[in-house]
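Here are the chains, one letter per residue:
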Amino acid sequence: MHLASRPPPGDSHRVPTTVLRRRPDWAGRNYSLLTAAAVVTNLGSHGALIAAAFAVLGAGGDGGDVGLVAAARTLPLVLFLLIGGAVADRLPRHRVMVAANALNCLSQAAFAALVLAGEAQLWQMMLLSALGGTGQAFFNPAAEGMLLSSVEGEQAGRAFAVFRMAMHGATLGGAALGGAMVAAIGPGWVLAADAVAFAVAAALRAFLDVKHVPPRTPGGGMLADLREGWREFAGRPWLWGIVVQFSVANAVVGAADAVYGPLVARDHLGGAAPWGVALAFFGGGTVVGALLMTRWQPRRMLFVGTLCVFPLALPSAALAVPVPAAVLCAVMFVTGVCLEVFGVSWMTALHQEIPEEKLSRVSAYDWFGSVALVPAAMALAGPAETAFGRAEALWGCAALVVVVTAAVLCVPDVRDLRRRTRHVTGAAPDPAGTTAEPERSSGPDGTAADPERPVGA
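The shown structure was predicted, so the numbers you read here are calculated from the model rather than taken from an experiment.

## Re the overall build of the chain
Point 1. Helix and strand counts for the chain stand at 16 helices and zero strands.
Point 2. Evaluated residue by residue, the chain yields a buried proportion of 49% over its 457 residues.
Point 3. Per element, the accessible surface of the chain, about 20000 Å² overall, is 69% carbon and sulfur.

## Points about the packing of helix H3 (residues 93-117) against helix H4 (residues 122-149)
Point 1. For the pair H3 and H4, interaxial distance at closest approach is 8 Å and the crossing angle is 155°. Classed by the angle they form, the pair H3 and H4 counts as roughly antiparallel. Between H3 and H4 lies a crossing of left-handed hand.
Point 2. In terms of residue class, the contact of H3 with H4 is built from 15 nonpolar, 11 polar and one charged.

## Looking at the pattern of salt bridges
Point 1. The tally for this structure, following the rule as stated, stands at nine salt bridges.
Point 2. The residue Asp267 makes a salt bridge to Arg390 at a minimum N-O spacing of 2.9 Å. In this pair, Asp267 is assigned in helix H8 (residues 237-269) and Arg390 in helix H15 (residues 390-408), connecting sequence segments 123 residues apart.
Point 3. Exposure remark for Asp267: the relative accessible area of 37% places this residue in the partly exposed category.
Point 4. Using a relative accessible area of 19% as the deciding quantity, one classes Arg390 as buried.
Point 5. Two residues, Arg390 and Glu385, come together in a salt bridge whose shortest N-O distance is 2.9 Å.
Point 6. When salt bridges that share partners are traced, they join Asp89, Arg93, Glu228, Glu232, Arg236, Lys358 and Arg361 into one network.

## Digging into the packing of aromatic side chains
Think of a pair of aromatic rings as described by two things: how far the centres are apart, and how the planes are tilted against each other in angle.
Point 1. By the definition in use, this model includes seven aromatic pairs.
Point 2. For the ring pair Trp238 and Trp346, a centre distance of 5.8 Å and an interplane angle of 75° mean the geometry is edge-to-face. With Trp238 in helix H8 and Trp346 in helix H12 (residues 325-353), this residue pair connects regions lying 108 residues apart in the sequence. You'll find Trp238 and Trp346 in the same group, each marked buried.
Point 3. Plain terms: the ring middles of Phe246 and Phe342 are 4.6 Å apart, the flat faces sit at 20° to each other, and that makes the pair stacked. With Phe246 in helix H8 and Phe342 in helix H12, the pair connects residues that are 96 residues apart, well separated along the chain. Exposure class is identical for Phe246 and Phe342. Each is buried.
Point 4. Through a chain of ring-to-ring contacts, the aromatic side chains of Trp238, Phe246, Phe342 and Trp346 assemble into a single cluster.
Point 5. For Arg300, the ring lying beneath its charged end belongs to Phe303, and the centroid distance is 4.5 Å.

## Some details on the environment of Gly132
Point 1. Counting through the fold element by element, Gly132 comes out in helix H4.
Point 2. In the structure, Gly132 is positioned 25 residues away from Ser107 in sequence and 6.2 Å away in space, judged by C-alpha atoms.
Point 3. Filtering out sequence-adjacent residues up to four positions away, Gly132 remains in contact with Arg73, Asn104 and Ser107.

## A look at the confidence of the model for the chain
Point 1. Chain-level pLDDT for the chain is 79 on average; 82% of the residues reach the 70-or-more range.
Point 2. Confidence scores differ between elements of the chain, with helix H2 (residues 63-90) showing the lowest mean pLDDT of 80 and H15 the highest of 94.
Point 3. Below a pLDDT of 50 lies the segment residues 1-21, which in the model reaches 22 contacts outside its immediate sequence neighbourhood of four places, other chains included.
Point 4. pLDDT under 50 marks residues 423-457. Its contacts with residues more than four places away, or in other chains, come to 108 contacts.

So, how was this worked out
Residues numbered from 1 in each chain as written. Predicted model: local features only at pLDDT ≥ 70, side-chain atom pairs only at ≥ 80, totals over all residues. Heavy atoms only, no water. Helix = DSSP H or I, 4+ residues; strand = E, 2+ residues; numbered from the N terminus. Buried < 20%, exposed > 50% of the residue type's maximum accessible area, 1.4 Å probe, protein only. Areas by Shrake-Rupley, 256 points an atom, 1.4 Å probe, with all protein chains shown as cover. Axes fitted to C-alpha atoms, helices over the stretch in contact; angles between N-to-C directions. Parallel < 35°, antiparallel > 145°, perpendicular 65-115°, else oblique. Left-handed = near helix turned anticlockwise from the far one by under 90°. Nonpolar A, V, L, I, M, F, W, Y, C, P; charged D, E, K, R; others polar. Salt bridge = Lys/Arg side-chain N within 4 Å of Asp/Glu carboxyl O. Phe/Tyr/Trp six-rings, centres within 6.5 Å; stacked < 30°, edge-to-face > 60°. Lys NZ or Arg CZ within 6 Å of the ring centre and 35° of its normal. Contact = heavy atoms within 4.5 Å. pLDDT = per-residue confidence, 0-100.

Have a look at this one:
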């Protein structure tokens, strides 16, 4: 716990004891601002995803056009992620985040204006979606680096769990609210609300305090920064091993959920409604998983987290059978819980092991690996169903998840990496009344020896 405005010896008259207040040592100013801003943007963005699809359909497009608009957003996200990571480690991260939010705000406002005027054309919607994806490519590494550097102390894992719980709750609420708003007032106004949400989030992030972040040492240029980030990434087998694992897992699970899931729901479960309920159960599972991780801090965090990736194969297997809707909902819930155990454990490991000045570049390689194969998997899902059959393709998705997860467990660092603790002395209170964050101590390999350390759609 922090004690606010503790006076120096001999000056106790300056601050009465009634001013002293308690708060968790992981809920500092930056953490609180980041969490509030993330909730606002998730509420808006997940409603906007629904609104964008209905805007395309309302303009006379079909399912293929909806896919084109979605691909237009994904492509620049993949192309610019590594550059975004280098920029975020070179410039103040909060400025990168605010600039990215401003770009998202303007692109969504223009999208909304076109839809409300009834003049939206496919190429315009694709262009504006691409601008939004570009903003996200610069935002994601900066945001993850900022969050990871905002937390210190032995409760970092709990802080990340609470942050993720808030995000997942906002995701569920945003999707539900967005769907209802699209039906009630139309997609244009939902897109406009998302633009406002980005503006509010940018305003909150503009107040982030970065005085605790040491000045960046001038480097040899963008390419040198990218090479340095690559060395940091490639030199840690646990890091690149898990990123490769999720490159495959995200691709096949994304294909199963986006392509095969709706088809199985149509043919065997009674339509779109049961599939939507199953996805909601998955979202509820992530919230429960985050809640669990506020209380549980496994010492062998990556080993436990990786074991919890095996259940990611269950939804594909359940769709391959296919199981009744009630069983599918239970499977999705358990999968959401387990996946969140991994997510918090992963953030804890990054926080503990990666030097602060390289967090955004490492995060960029993580994000890049996580999304790089998704477009190809989506494109190949249809041909795979034609060539092998839907059930066989789904069993293949499940098998790939099991194989790559078992392979990662063969990496010694994944099995052996442990949560570290440290002893902190001499932490002085800052002028704002919160205990100043101590510097990270270094481990024998030169990495940050922070006590613990636990990404995102």
